[in-house]
Amino acid sequence: MEEYKNPALSPEERAEDLLGRMTLREKVGQLTQRLYGFRIYRREGEEVTLTREFQDEVARYSGLGTLYGLHRADPWSGKDFDTGLDGPLAVRTRNDVQRYVLEHSRLGIPVLFSSECPHGHQALDGCLLPVNLAAACSFAPALLEAAAEVCGKQLRDMGVDLALVSMLDVLRDPRWGRSEECFGEDPYLASQMARAAVRGIQGAGVDVVAKHLCAQGETTGGVNASAARIGPRELREIHLPPAEAAVRAGAAGMMAAYNEIDGIYCHANRRLLTDYLRGELGFGGIVMSDGVALDQLDAVTGSRLLSGALGMNAGVDMGLWDTAFSLLEEAVERGLVSEKRIDEAAGRVLELKFRRGLFEEPFVAEGAHWQVYASPESFPQPERLAEQTPVLLKNSGNLLPLTGGGRRILLTGPASDNIYAQLGDYTPPQRPGSGSTIHQAMERLAGERGDAMSYMPGCPMFGAHSDGALALAESAARESDLVVVVRGGSSSRFSGGEFDANGALLAQERATMDCGEGVDACELRLPGAQMELLRAMRRTGRPLVTVLIAGRPYAMEEIERLSDAIIYAFYPGPMGGKAIAGLIYGEMEPAGRQPASLP
């Protein structure tokens, strides 16, 4: 028996033996994560077929290193409950892909499956958590760890090996559209929460690729992927602590960031990816590129071939959607990269496969049991985390919580009854009736307390208001004893848009987002006519509770002046509406703390 097939040997010994049997092309194939997994199949009813592109890629490399995003579902992937993978079909298709790779691999090398988990699994029926900026409000790493473990269990049951998890960015400029992905502006808090996220997911048996390394939250002018104009002291004091925490927690991988630091792109930064990460921290896992980032090094090299060599020599082990790493065979032949460096990178990928037991158990059990992880009845941990995320910023005259009953309450505002406005960016489609909006939860609690609640949006979230709708809301407010205005922004992509090769938003058919990747802002005001609605409600003289649902900090001066009570909730997840209504009615205490400054 070949040594690499002997499970009694260590992953390192098995990988070394296997490397000695592989061609250069087979090694390079372990490093190219070029395919978009959601594009390698076609679904018709309950039948799934694998595409020629997938088959050709497997044939080219006599196998496949890693397949990204087989289960991904969102507007960019174009997958929904009719075209994507859900229920038993999701696991069955994963096993079919693995079987095809094994049957067409000369040496029988299984494929790794990677999947996005920015704040829960980005798949149909995926278990979703509050976004990172919301989770950080809990100041409770243990609570995040427990909720993340639920996500990890679902990922494991679906056959995912690598969870790509946002956790390393520190919020330095609230104009940045990806503010919601940060655990706040404080490096200590961010480090504790990053450690918890790694421990939770990996404790369930799925390896974490922590992203992004690093200083992406610094930005220039709040622009995504722009330069971090900082020196070594600020880099180490602010941006590197979360990365160190993730490494110490045992993260299996790190993903390089798009930005440059002091003039050097992270994907080409050997001091960062090799000297610091491996030399200082002793990191032994894989370094993955961000989507098409290696190809973007063409701006420096002027050559796709040189870009791949530059990234490999800097310390990147595995590509993502790029073509640069598919040229590594030629780079070795031309002396741009040593085969020793290819062996080093491929060895890390193979060691990971051996450590995960894929050579012995390449398939996962098929069944529908994984879907229950999205159910708060079966797994309440995500809902418990959501309950700790709303922050009570103001409460003049102890207006909250509402006690007793018999009140006439007006609920208004465009974020009152929009489940997608609670979820954040990179969110899968939701089944009808899943989760709880503020309107749904308030209606239930008002009925239980004997309050009469009326509801009207008042104005759209984006765009100009309707004079009639605004006047109607103002008139209803004058007939009420209390007004609750729910306002904010959205990172939802479900109104249509044009997306970049890495999934970032390029343009929308109409403005329905003010946050998310590719949605940076030049000012921090609420979108549309929402301030006009708040001013109209204030004119009525009725006690006014303002609820803000957001993906970034908004400017608060006028909002604070007009409101008697303020609740700030960064996207709190599917059960966020229930949590906010519970805070208003005193069913839970206001435990959230602010993780970022509000201008």
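Residues numbered from 1 in each chain as written. Predicted model: local features only at pLDDT ≥ 70, side-chain atom pairs only at ≥ 80, totals over all residues. Heavy atoms only, no water.

1. Some remarks on the pattern of salt bridges
Note the cut-off: Any Lys or Arg side-chain nitrogen located within 4 Å of an Asp or Glu carboxyl oxygen qualifies as a salt bridge. Each residue is assigned to one of three classes by its accessible area relative to the maximum for its type, calculated with a 1.4 Å probe on protein chains only: buried under 20%, partly exposed between the two thresholds, exposed over 50%.
A complete count under the given rule lists 51 salt bridges for this structure. R72 is the partner of D74 in a salt bridge, and the nearest nitrogen-oxygen pair spans 2.9 Å. R72 matches D74 in its accessibility class, with the two residues each being buried. Salt-bridge contacts for D157 lead to R156; the nearest nitrogen and oxygen are separated by 3.2 Å. On the basis of relative accessibility, which here comes to 11%, the residue D157 falls in the buried class. Three or more residues joined by partner-sharing salt bridges are found here, namely R43, E46, D86, D125 and R431.

2. Quick notes on the packing of helix α18 (residues 467-478) against helix α19 (residues 530-539)
Cut-off, in case you're wondering: Where helices are involved, their axes are fitted lines through C-alpha atoms of the stretch in contact, as for all axes, and angles between N-to-C directions lie from 0 to 180°. Labels follow the DSSP assignment, with helices taken as runs of H or I lasting at least four residues and strands as runs of E lasting at least two, numbered in each case from the N terminus. Should an angle lie under 35 degrees it is considered roughly parallel, over 145 roughly antiparallel, and from 65 to 115 roughly perpendicular; all remaining angles are considered oblique. Helix crossings are classified by the rotation of the near helix relative to the far one: an anticlockwise turn of less than a right angle makes the crossing left-handed, while a clockwise turn makes it right-handed. Residues count as neighbours in contact if any of their non-hydrogen atoms are within 4.5 Å of one another. Residue type decides the class: Asp, Glu, Lys and Arg count as charged, Ala, Val, Leu, Ile, Met, Phe, Trp, Tyr, Cys and Pro as nonpolar, and the leftover types, Gly among them, as polar.
Viewed as axis vectors pointing N to C, α18 and α19 meet at an angle of 30 degrees, and their least axial separation amounts to 9 Å. Classed by the angle they form, the pair α18 and α19 counts as roughly parallel. Of the two elements, α18 crosses α19, and the hand of that crossing is right-handed. Here α18 contributes L470, A473, E474, A477 and R478 to the contact with α19, which in turn contributes E532, L533, A536, M537 and R539. Of the residues belonging to the contact of α18 with α19, the class tally is six nonpolar, no polar and four charged.

3. With respect to the pairing of strand β16 (residues 505-508)
Applicable threshold: Strand pairing is assigned whenever DSSP detects at least two bridges linking the two strands.
Where strand β15 (residues 497-499) and β16 come together, three bridges link them in antiparallel fashion. Across the sheet, G497 pairs through a bridge with Q508, a residue of β16. The turn joining β15 and β16, which pair antiparallel and follow one another in sequence, is formed by five residues; a positive phi near 90 degrees is taken by G503.

4. Remarks on unusual backbone geometry
Going from K211 to H212, the amide bond is cis rather than trans, its omega being 15 degrees. Looking at the element boundaries, H212 is found in strand β6 (residues 207-213). For the peptide bond that leads from L213 to C214, omega is -10 degrees, which places it in the cis range. At S62, a residue that is not glycine, the phi angle is positive and equals roughly 55 degrees. If you trace the backbone, S62 turns up in the loop between α3 (52-61) and β3 (66-68). A relative accessible area of 17% places S62 in the buried class. A positive phi angle, near 50 degrees, is found at Y426, a position not held by glycine. Tracing the backbone through its elements, the reader meets Y426 in the loop between β12 (408-412) and α17 (438-449).

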